[in-house]
Amino acid sequence: MSEIALKELLYKMADDQLIQGHRNSEWTGMGPLLEEDIAFSSMAQDTIGQSLALYNLLHQLGESDPDTIAFTRNSTQFHNCVLTELPNKEYDFSLIRHFMFDTAQAIRYEALTRSSYLPLSQLAIKIRGELRYHTLHANTWIKQLGSATDESIERLQKSLLYALPFALGIFEESPYEKEIIASGIFEGEQKIKEKWLTQIQKIISQTRLTFPDIDLIQPVIGGRTGKHSEHLQPLLDEMSEVFRIDPTTEW
Amino acid sequence: MNSLDPRVIRLPKIEQEDIISPKIPLDQFGTFEVFVEPKEGKPFQHEGIVHAPNLEMAYILAKEAFTRRFTCTSLYVVDTREVYVSPMTEGENNAYELIPDAKESLNEKTTFEIYHLIKRGKQHVHQGHVAASNPTEAMAIAKTIYNKGKTVFNIWAIQSDKIRFTTQEEKDLWVTLPEKKFRDASDYKGGSKLKAFLEKEK
Amino acid sequence: MYGGGNTFEGIKTDSIQQEDPKRLAEFESRIDRGEKIEPSDWMPALYRKQLIRMIEQHAHSEIIGALPEGTWITRAPGFKRKMALMAKVQDEVGHAQLLYSAAETLGKSREKMIDDLISGKSKYSNVFNYPTYTWADCCFISWLVDAGAIVNQLANAKGSYGPYCRALDRICAEESFHLKYGHHCVIHLASGTQIQKDMFQEALNRWWPPMMHFFGPSDKISIHTDVLMRWKVKMGTNDDMRNQFLDMYVPKIWELGFTIPDPKLGKNPETGRWEYTEPDWEEFKRVINGDGPCNKERLEVRRIAEERGRWVREALKSPQAVYVVPLA
Ligand SMILES: [Fe+2]
Ligand SMILES: [Fe+2]
Ligand SMILES: [Fe+2]
C-alpha cells in the first residue's frame, strides 16, 4: 500500500468533515427551534470530532499535528469537496446539504468498516451509531418538510437542485483510486456514489420532491485538488483568526 | 447588520414588517414527555419535555436535548396528552388509595406502562406494565400489583403503543458518548499548568 | 446564565390577602418543611406570577447568552477550544430549553415567552448587552460570568418549585464543565505570551463593571421582598450573592497575576465581607432599559433567527396540535 494514496484519502475525508462541521456550527444559537438547534450542534460536534480522529491518524503517519494542519493551511491546500464550504444560506439548503453529505458519510464509513487499514476500520465501526443518528435525523427532516407545505416543498426542491452538482463532487475520484481499491483500503468513489444515489432517491421518492435526471447534471469537481470556490478562504481566515495571532503558543 | 460578530454580519436582512403578519398559533408545537434508561436493566426515568411537531420528530429531538451528556442506554418519548395522571398526594397519603378498586372489564385489553413518583420533588420512574382496557383500569390493576412498600405520591399510566421506543438496531446511538470528553469537566484540569505558572511567578 | 437584578422590583403583595388562608397556610408549611411545590399543587397567584417572571428571565438569559460566546465558535483557536465552545454554547441553548419548559408548567406557553422576549417586554441578564471584542472576552464569560451564574443557580436549586429545581440540577451539572473549561482557557492566557496576558487583562477591564452589575442593585437600593424569600423564590439578597462570588473568584483572578480595575476592592477582615467601589447603578438601569451597547443587536438577532425558522415551524405544525401544559 502506498502511503501517499492513503494520506490522500484521509485528508479529503478529514477536510470534508472539518469544513462541514464548521459550517453547521454557525447555526448554534440561531436554529429554527430550540431542540433542533441542539441536535444540529451535536451533529456538528460529531463531525468535527470525526475529522480530528482522521487528522490524528495522519499525524501518526508523519503529518503535522491536527491543529497545525487544520488552522494554518490555506484554501489551495484543502481537499474538501466544494459542497461543504458553501455558505449556509437558509435552513432548507443546510438541511439538504446535511442530508446529502451525511448519507454519503454513512455509506463511506460503512464501506470502511471492511478497510484493510485497521485504524480506519476501527474508527468506522466505532462511529456507526453517530452516523445512524445523523441519517435518521436527516431522513426524517427531509421526508417531513418535503411533504409539508407548498413553501417547504418549493424551498427544498430549489435547494436540492442547487446542491446536487456540488454533492456529486463528493465522489470526485482520486489520482490513486485504483491503488486504494486494489489495496483493500477503500472500495472507491464510484461504488459509494451508486449506493448514495439509490439511497438519496429512495428518501426523495417518499416526499413530494422530484429528483432530476442525474445524467444531465454536471458535477462540480476540483475541491479534491485544491480548486475551491471563493467561499473557502474567508472561512479559513475566520477559523484561524485567533490561532494565527500566535500559532506557536497554547491557547 | 453592523456587528463585531461575523455570523451576524452574514445574516440576511429581514424587515420588521414581516413580523406583523400574525403568527400561526402553536408556533412552538405541542409537547412530548421524554424518558431515559440510564443503564441496561435500570428503570426508565422521566427527564423532561421537548416541543416537537410529531412523535418521530420528538424522538429525534429528545435524543440530543436529553442524552447528549450523561451515559445512557435507551430513550423513549410520548405525547404529553397520552399520559394519564393520578391525583397528587403528600405526607403519608398514598396516591393508590385514591384509585378505586379494579372492576375487571371484558373489553379488549392493551398494555399500559406504569410510573411511580416516590419522592416529591423527584421524577417519575417506570415500574412495570399491566394489561387493561383503559387507563383507569390500568391504574386499578397496578394497585393490586405494584402498590407495595413505599408510599406513592403520583401514578402515571401510558398506553405502550403510543410510545416511540428505541428499536433494537438503534441501540448503538449512544456508544461513543463516554468518549466525548470534550463535554466533560474532567477534561479541563488546569492544575499542572497553573502550578507551573505559580512556581515561575514566585 | 442568570443574574439577579430587577426581577422583583416593585412587586405588589396585596393579592396575598385575597388567598384562602387555610390553603395558604398549608402551602407555606410545605415550603417550611423543605418540600417542593409541584405544578398540580395549589399555589398563591403571586407565587405563580413571580416564578414565571423569574424562570422566564432566566431562560431568555440563556438563549441571548448564547450569542456573545457563540460568535467565537467559528474562531476558537484549535480543536480543543472549538469543540468545547460548541458544546458549551449548545448547553446554554439547552438550558433555555429546560427553563422554558419549567416555566411552562406554570401556565405560560413557550411561544408567548419568546414573543415577549422579542418585543422587549421581558428582560434578560444585563451582562449580555456588552460586546465581546476578543477571544479573551469570550474566555471571561465562560469562566467568570458562568461562575456568577452558578452562584445564583446553586442557590436557586434549593428553592421551592419542583420543576425549576430539577431543571437547575441538570443545568448545574453541566455548568461544572463550563466553569472548568473557562478557567482552563484563562490559565492558558495567563501563562502564555505577553499578547495573551494583555488580551485577558483588557477583557477583565471591560467586563468587571458589568460583572459587578450581574447580581443586581445593592440591597441598600433594591426593594426587599420578604415574602419571596419566605416562599423560597428568591434565595439570597443581591449583595449576598455578589459577596459570595467575590469571595470565591477574586483570589483566583489575582492568583493568575491579573489586576481587577477597582482600587477599593478588598475583603474587610472584620466583617468578612468584600468592599468595592459602588457600581454605577444608573448605567445598570440605562442598560436594562434598552440603552446598552448591544441590546438592539441581541434582540434583532433573536428576531431574525425566529423569522428565518418560521417557515420550518409552519410547515410541520399539525392541525391537530393543541397546547397542553407539560407535566413536571
Ligand atoms: Fe452561561
Ligand atoms: Fe447556562
Ligand atoms: Fe454556562
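What you see is a predicted model, and the numbers here were worked out from it, not measured in a lab.

Participant: Is there a simple way to think about the overall build of chain A in this case?
Facilitator: Within chain A, the regular secondary structure consists of 11 helices and 0 strands. In terms of overall dimensions, chain A has a C-alpha envelope of 50 × 45 × 30 Å along the principal axes. Nonlocal contacts in chain A, meaning residues at least 24 apart in sequence, comprise 80% of its contacts between residues at least 6 apart. As displayed, chain A offers around 8,900 Å² of accessible surface, 53% of which is attributable to carbon and sulfur atoms. The distance from the centre of the 23 positive side-chain charges to the centre of the 36 negative ones in chain A is 6 Å.

Participant: Where do I start with the interface of chain C and chain B in this structure?
Facilitator: Many analyses report the size of an interface as the accessible area lost when the parts associate. Taken together, the contacts link 70 residues of chain C with 61 residues of chain B. Interface area, chain C with chain B, both sides summed: about 6,100 Å², of which 59% is carbon and sulfur. On the chain C side of the interface with chain B, the three residues burying the most area are Glu111, Arg170 and Leu327 of chain C, jointly 10% of the side's total. Where chain C meets chain B, there are 11 salt bridges. Where chain C meets chain B, there are 21 residue pairs in polar contact (both at pLDDT 80 or more). Put simply, the parts of the chain that give the side of chain C that touches chain B at least two residues each are helix H2 (45-70), helix H3 (79-104), helix H4 (110-118), helix H6 (162-190) and helix H11 (295-316) of chain C. Counted by class, the side of chain C that touches chain B contains 26 nonpolar, 15 polar and 29 charged residues.

Participant: Help me out: how do you make sense of the interface of chain A and chain B in this one?
Facilitator: Counting residues at the interface gives 27 residues for chain A, matched by 33 residues for chain B. Each partner contributes to the roughly 2,600 Å² buried at the junction of chain A and chain B, and carbon and sulfur atoms together form 57% of this total. Ranking the residues of chain A by area buried against chain B places Glu35, Arg132 and Tyr133 of chain A at the top, with a combined share of 22%. On inspection of chain A and its partner chain B, the count reaches 8 salt bridges. Here Arg132 of chain A and Asp172 of chain B are joined by a salt bridge, their closest N and O atoms 2.8 Å apart. For the pair chain A and chain B, the interface holds 16 residue pairs in polar contact (both at pLDDT 80 or more). Listing elements by their share of the side of chain A that touches chain B, those giving two or more residues are helix H2 (34-60) and helix H7 (128-145) of chain A. Broken down by element, the residue count for the side of chain A that touches chain B peaks at 10 residues, all from H7 of chain A. A breakdown of the residues in the side of chain A that touches chain B according to their chemical character gives 8 nonpolar, 8 polar and 11 charged.

Participant: Can you walk me through the coordination of the iron ion (ligand 2) in this structure?
Facilitator: Think of it this way: four donors in a tetrahedron around the metal ideally sit 109.5 degrees apart, and six in an octahedron ideally sit 90 or 180 degrees apart. All names here are of chain C. Taken together, the protein ligands of the iron ion (ligand 2) are Glu62 (OE), Glu92 (OE), His95 (ND1) and Glu175 (OE), with distances of 2.0 to 2.7 Å. Relative to the metal, the 4 donor atoms surrounding the iron ion (ligand 2) lie at angles of 77 to 160°, and the coordination shape comes out irregular. Binding-site remark: the iron ion (ligand 2) is held by donors from one chain whose sequence spacing is E-x29-E-x2-H-x79-E. Taken as a pair, the iron ion (ligand 2) and the iron ion (ligand 1) show a spacing of 3.6 Å, with Glu92 coordinating each metal. Of the two residues, Glu92 and His95 both sit in helix H3, 3 residues apart, roughly one turn of that helix. With respect to burial, Glu92 and His95 carry one shared label: buried.

Participant: Can you walk me through the coordination of the iron ion (ligand 3) in this structure?
Facilitator: Residues and elements named next belong to chain C. Here the iron ion (ligand 3) is held by the protein donor atoms Glu92 (OE), Asp146 (OD), Glu175 (OE) and His178 (ND1), which lie 2.0 to 2.2 Å from it. Coordination geometry of the iron ion (ligand 3): the 4 donor atoms subtend angles of 80 to 171° at the metal centre, consistent with an arrangement described as irregular. Within one chain, the residues serving as donors to the iron ion (ligand 3) are arranged as E-x53-D-x28-E-x2-H. Separating the iron ion (ligand 3) and the iron ion (ligand 1) is a distance of 2.9 Å, and Glu92 donates to both of them. With Glu175 and His178 both in helix H6, this residue pair falls 3 residues apart, about one helical turn. Accessibility classification places Glu175 together with His178 in one group, the buried group.

Participant: Explain the pattern of salt bridges to me, please; I cannot follow it from the model alone.
Facilitator: Pairs may arise between side chains of opposite charge once their charged atoms sit close together. Applying the stated criterion to the full structure yields 67 salt bridges over all chains. Its salt-bridge partner being Arg23 of chain A, residue Glu26 of chain A comes within 2.8 Å of it at the nearest N-O pair. The burial state of Glu26 of chain A is the same as that of Arg23 of chain A; both residues are buried. Salt-bridge contacts for Glu297 of chain C lead to Arg298 of chain C; the nearest nitrogen and oxygen are separated by 3.8 Å. Accessibility classification places Glu297 of chain C together with Arg298 of chain C in one group, the buried group. Connected via shared salt-bridge partners are Glu90 and Arg120 of chain B together with Arg30, Arg33, Glu35 and Asp41 of chain C.

Participant: Please clarify how the side chain of Thr103 of chain A should be interpreted in this entry.
Facilitator: All names here are of chain A. Structurally, Thr103 can be placed in helix H5 (residues 91-112). In this structure Thr103 comes out as buried when scored by relative accessible area, which is 2%. Excluding its chain neighbours within four sequence positions, the residues that come into contact with Thr103 are His98, Thr135, Trp196, Gln199 and Ile200.

Participant: How should helix H6 (residues 118-126) of chain A be read in this particular structure?
Facilitator: An α-helical turn contains 3.6 residues, so a residue and the one three or four places further along point in the same direction. Residue and element names in this part refer to chain A. Of all the residues in H6, the buried ones are Leu120, Ser121, Leu123 and Ala124. Taken down its axis, H6 places every buried residue within 160° of arc, on the same side. Where the residues of H6 are buried, they touch helix H1 (3-25), H2, H5 and H7.

Participant: It is not clear to me how the packing of aromatic side chains should be interpreted in this structure. Could you clarify?
Facilitator: One pair of aromatic rings is described through two measures. These are the centre distance and the angle between the planes. Within this structure, the stated rule accounts for 33 aromatic pairs over all chains. Each ring, one from Phe35 of chain B and one from Trp156 of chain B, has its centre 6.3 Å from the other, and the planes form 85°; the classification is edge-to-face. Remark: Trp156 of chain B occurs in strand S7 (residues 154-159) and Phe35 of chain B occurs in strand S1 (residues 30-37); sequence separation between them is 121 residues. The pair Phe35 of chain B / Trp156 of chain B is uniform in exposure class, with both members buried. Ring centres of Phe27 of chain C and Trp42 of chain C lie 6.1 Å apart, and the angle between their planes is 85°; on these two criteria the pair is classed as edge-to-face. One end of the pair, Phe27 of chain C, is in helix H1 (residues 21-32); the other, Trp42 of chain C, is in the loop between H1 and H2, with 15 residues separating them in the sequence. By relative accessible area, which is 2% here, Phe27 of chain C ends up buried. Residue classification places Trp42 of chain C among the partly exposed positions, given a relative accessible area of 24%. Ring-pair connections join several aromatic residues into one group, and the members of that group are Phe35, Phe44, Tyr76, Tyr115, Trp156 and Phe165 of chain B. The ring centre of Tyr162 of chain A lies 4.1 Å from the NZ or CZ of Lys89 of chain A, which sits over that ring.

Rules behind the numbers
Residues numbered from 1 in each chain as written. Chains lettered and ligands numbered in written order. Predicted model: local features only at pLDDT ≥ 70, side-chain atom pairs only at ≥ 80, totals over all residues. Heavy atoms only, no water. Helix = DSSP H or I, 4+ residues; strand = E, 2+ residues; numbered from the N terminus. Contact = heavy atoms within 4.5 Å. Areas by Shrake-Rupley, 256 points an atom, 1.4 Å probe, with all protein chains shown as cover. Lys, Arg positive; Asp, Glu negative; His and termini not counted. Charge placed at Lys NZ, Arg CZ, Asp CG, Glu CD. Buried area = accessible area lost by both parts, 1.4 Å probe. Salt bridge = Lys/Arg side-chain N within 4 Å of Asp/Glu carboxyl O. Polar contact = N/O pair within 3.5 Å; in protein donor to acceptor, adjacent residues only side chain to side chain. Nonpolar A, V, L, I, M, F, W, Y, C, P; charged D, E, K, R; others polar. Donors = N, O, S within 2.8 Å, 3.2 Å for Na, K, Ca; no water. Tetrahedral: all angles 85-135°; square planar, octahedral: opposite > 155°, others 65-115°. Buried < 20%, exposed > 50% of the residue type's maximum accessible area, 1.4 Å probe, protein only. Arc of directions from axis to C-beta. Phe/Tyr/Trp six-rings, centres within 6.5 Å; stacked < 30°, edge-to-face > 60°. Lys NZ or Arg CZ within 6 Å of the ring centre and 35° of its normal.

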